[in-house]
Amino acid sequence: MKNLSTNEALRNIAIIAHVDHGKTTLVDAMFKQSGVYRENQVAEERAMDSMDIERERGITITAKNCSVNWHGTKINILDTPGHADFGGEVERALSMVDGAILLVDASEGPLPQTRFVLKKALEKGLRVIVCINKIDRKDARPHEVIDEVLDLFIDLDATEDQLDFPILYAVGRDGIASLTLEEKGKDLKPLFDMILKEIPAPTYDENSSFKMLTFEDKI
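Rules of the game
Residues numbered from 1 in each chain as written. Predicted model: local features only at pLDDT ≥ 70, side-chain atom pairs only at ≥ 80, totals over all residues. Heavy atoms only, no water. Phe/Tyr/Trp six-rings, centres within 6.5 Å; stacked < 30°, edge-to-face > 60°. Helix = DSSP H or I, 4+ residues; strand = E, 2+ residues; numbered from the N terminus. Buried < 20%, exposed > 50% of the residue type's maximum accessible area, 1.4 Å probe, protein only. Expected span 1.5 Å × (residues − 1). Arc of directions from axis to C-beta. Contact = heavy atoms within 4.5 Å. Patch = residues over 30% accessible without salt bridge, like charges linked within 9 Å, V, L, I, M, F, W, Y side chains within 5 Å. Areas by Shrake-Rupley, 256 points an atom, 1.4 Å probe, with all protein chains shown as cover. Salt bridge = Lys/Arg side-chain N within 4 Å of Asp/Glu carboxyl O. Polar contact = N/O pair within 3.5 Å; in protein donor to acceptor, adjacent residues only side chain to side chain. Core = buried A, V, L, I, M, F, W, Y, C linked by side-chain atoms within 4.5 Å. Pairing = 2+ DSSP bridges. Right-handed = clockwise from strand over helix to strand, strands pointing away.

**Looking at the packing of aromatic side chains**
Here is step 1 of the chain: For the structure shown, the criterion picks out 2 aromatic pairs.
Here is step 2 of the chain: Each ring, one from W70 and one from F192, has its centre 4.4 Å from the other, and the planes form 15°; the classification is stacked. Of this pair, W70 sits in strand 3 (residues 64-70) while F192 sits in helix 7 (residues 189-198); the two residues are 122 residues apart in sequence, bridging distant segments of the chain. The same class applies to W70 and to F192, which are both buried.

**Quick word on helix 5 (residues 142-155)**
Here is step 1 of the chain: With 14 residues, helix 5 should cover 20 Å at 1.5 Å per step; its first-to-last C-alpha distance of 20 Å lies within 8% of that length.
Here is step 2 of the chain: Those residues of helix 5 lying buried are P142, V145, I146, V149, L152 and F153. On an axial view of helix 5, the arc spanned by its buried residues comes to 120°, and they lie on one face.
Here is step 3 of the chain: Along its buried surface, helix 5 packs onto strand 5 (99-105), helix 4 (112-123), strand 6 (127-133), helix 6 (160-163) and strand 7 (167-171).

**Here's the deal with a nonpolar patch on the surface**
Here is step 1 of the chain: A surface patch of nonpolar side chains, amounting to about 220 Å² of accessible area, comprises L150, I154 and L163.
Here is step 2 of the chain: Tracing the chain through its elements places L163 in helix 6.

**Observations concerning the side chain of N133**
Here is step 1 of the chain: The topology assignment puts N133 in strand 6.
Here is step 2 of the chain: One polar contact links the side chain of N133 to the main-chain amide nitrogen of G172, over a distance of 2.9 Å.

**A word on the environment of T114**
Here is step 1 of the chain: Turning to its location among the elements, T114 is positioned in helix 4.
Here is step 2 of the chain: Remark: the alpha-carbon pair of T114 and H18, spanning 96 residues in sequence, is separated by 4.9 Å.
Here is step 3 of the chain: Sequence-distant contacts of T114, defined by excluding residues within four places in its chain, comprise H18, H21, L102, V104 and L152.

**Quick word on the nonpolar core**
Here is step 1 of the chain: Counting residues in each nonpolar core, the largest one holds 28 residues, and the members touching the most others are I16, L102 and F153.
Here is step 2 of the chain: Mapped by element, the contributors of at least two residues to this core are strand 2 (10-17), helix 3 (87-94), strand 5, helix 4, strand 6 and helix 5.
Here is step 3 of the chain: At 5 residues, the largest contribution of residues to this core is made by helix 5.
Here is step 4 of the chain: Not counting the four nearest positions on each side in its chain, F153 is found in contact with L102, L118, L122, V128, V130, A158, Q162, L163 and F165.
Here is step 5 of the chain: Membership of the second largest hydrophobic core comes to 26 residues, among which are A17, I101, L168 and L191.

**Things to note about the pairing of strand 4 (residues 73-79)**
Here is step 1 of the chain: The element strand 4 is extensively covered by neighbouring structure, given that 5 of its 7 residues are classed as buried.
Here is step 2 of the chain: Judged from the 6 bridges that link them, strand 2 and strand 4 form a sheet pairing that is parallel. Note on strand 4: the bridge partner recorded for I13 is I77.

**Some words on the pairing of strand 6**
Here is step 1 of the chain: Where burial is concerned, most of strand 6 is hidden: 6 out of the 7 residues are buried.
Here is step 2 of the chain: As defined by bridge partners, strand 5 adjoins strand 6 across 7 bridges and the pair is classed as parallel. Residue pairing for strand 6: D105 is matched across the bridge by N133.
Here is step 3 of the chain: In this fold, strand 5 hands off to helix 4, which returns the chain to strand 6; that crossover is right-handed.

Geometry only, nothing functional implied.
As structure tokens, then:
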């Protein structure tokens, strides 16, 4: 049996969701609050959508990678497409991470692509943080959506450990998250702290030969 080492100063996560449930907007807020931008620097909206067609259509087409630093831990983030046409990009991204943040709209609830991306994450045995986003919507129904998400986990044959998923409530556009609905979010500290607590650090075999998986094949 291999004696694996753990890199506690690193976390690798993917953000997965149905299209328009707020992935890229949440990543923008994570950039701003983790110190990626200088104080006098203008923060670009949808910074991860670098392709012209992505900006034109307002959707993410290819998975993008970035990193932020939180209290000495480097968090590598893969922002994945939410559109069903680009499911292969999601699968490729999930093969490179140790956990995922599943974003679900507080009004719409789980939709077809939610099922697809969650299925792939569970099949890979990833730790999943459920984030109910857009709780400020007038038609938000977070309690019902949580029940729907739980039913989806069960329907996808999640293990007992996977069913015990942590939950956050967020307004990604405003850059706030909280552990309960009663608590008014102030920033994304609860999200960053939960990533460090719930997502396992990557492991590696010090005696193995060097290996790497190419993520971006273009400049």
